[in-house]
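In case you want the letters, here they are:
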Amino acid sequence: MTREEKSQVIEDLTAQLAGFPTIYLADISGLDAGSTSNLRRACFKADVKLSVVKNTLLAKAMEAAEKDFGELPTVLKGNTSIMLSETGNAPAKVIKEFRKKSEKPLLKGAFVAEAIYVGDDYLETLVNIKSKEEVIGDIVGLLQSPAKNVVSALKSSGGKLAGILKTLSEKED
């Protein structure tokens, strides 16, 4: 690989690091061709971009990026694959599901919502991070709950003002 080609790869990696809020580093070494293909398919279905990277080039891209990757560059040893996603827990869910059938991929580290996670021990924590859509769904559910109480109070009181006030005052207690 020429110096110009390396520079281009570093530029491309830097742009990818800047373009995604969620970055996972994993070790997929030892997977056979079929398993690797299955992992790529699972990533595609989960809208996760998976690529194998050269550690030295990724380290340089991390240095050039405007994000603070903290101690993540320290995990760039051995075989490294990068998983990029818009959703914080999507790569972790792919890894967890895939590991039901295989020992790999192993989580080396992750950058999720400006937080750094180093080590495979954080996989379960990362799986449990709620996506933006899940948080919005929870908030909408919480906001709808009081409205449902008022509607049910209106229905149970028979529509008379005295009954409505009585039902609502009982709900407050």
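Computed from a predicted structure; not experimentally measured.

*Asks:* Please explain the packing of aromatic side chains as it appears in this structure.
*Replies:* Think of a pair of aromatic rings as described by two things: how far the centres are apart, and how the planes are tilted against each other in angle. Counting across every chain of the model gives two aromatic pairs. With centroids separated by 5.0 Å and ring planes inclined at 55°, the aromatic side chains of F69 and F111 adopt a geometry described as tilted. Taken as a pair, F69 in the loop between helix 3 (55–64) and strand 3 (80–85) and F111 in strand 4 (residues 106–112) lie far apart in primary sequence, 42 residues in all. Like F111, F69 is buried. Centroid distance Y117 to Y122: 5.6 Å. Interplanar angle 65°. Geometry classified as edge-to-face. Accessibility expressed as a relative area gives 37% for Y122, which makes it partly exposed.

*Asks:* What exactly am I supposed to notice about the pairing of strand 5 (residues 115–118) here?
*Replies:* Each regular strand displays side chains that alternate between the two surfaces of the sheet. Here four bridges tie strand 4 to strand 5, and the two strands are oriented antiparallel to one another. By the bridge assignment, A110 is partnered in strand 5 with Y117. Hairpin connection, strand 4 to strand 5: the antiparallel pair is bridged by two residues, and A113 has positive phi, about 50°.

*Asks:* Any chance you could explain helix 4 (residues 90–98) here in plain terms?
*Replies:* Along an α-helix, residues three or four positions apart point the same way, because every turn accommodates 3.6 residues. Buried within helix 4 we find A90, P91, A92, V94, I95 and F98. As for helix 4, its buried residues are in contact with strand 1 (22–27), helix 2 (33–45), strand 3, strand 4 and helix 5 (123–127).

About the criteria used
Every chain is numbered on its own, with residues counted from 1 as its sequence reads. Local features in this predicted model are restricted to residues of pLDDT 70 or higher, and side-chain atom pairs are both shown and tallied only at a pLDDT of 80 or more, whereas totals for entire chains, interfaces and linings draw on every residue. To get the side-chain values, all heavy atoms of the structure are used, and hydrogens and water are removed first. Each aromatic pair joins two rings of Phe, Tyr and Trp (for Trp, the six-membered one) with centres within 6.5 Å, and gets the label stacked for planes under 30 degrees apart, edge-to-face for over 60, and tilted for any other angle. Helical segments are the DSSP runs of H or I of at least four residues, strand segments are the runs of E of at least two, and each set is numbered from the N terminus. Burial classification: accessible surface area is computed with a 1.4 Å probe over protein chains only, and a residue below 20% of its type maximum counts as buried, one above 50% as exposed, and the rest as partly exposed. Should DSSP find at least two bridges between two strands, the strands are taken to pair. Any two residues whose heavy atoms approach within 4.5 Å are treated as being in contact.

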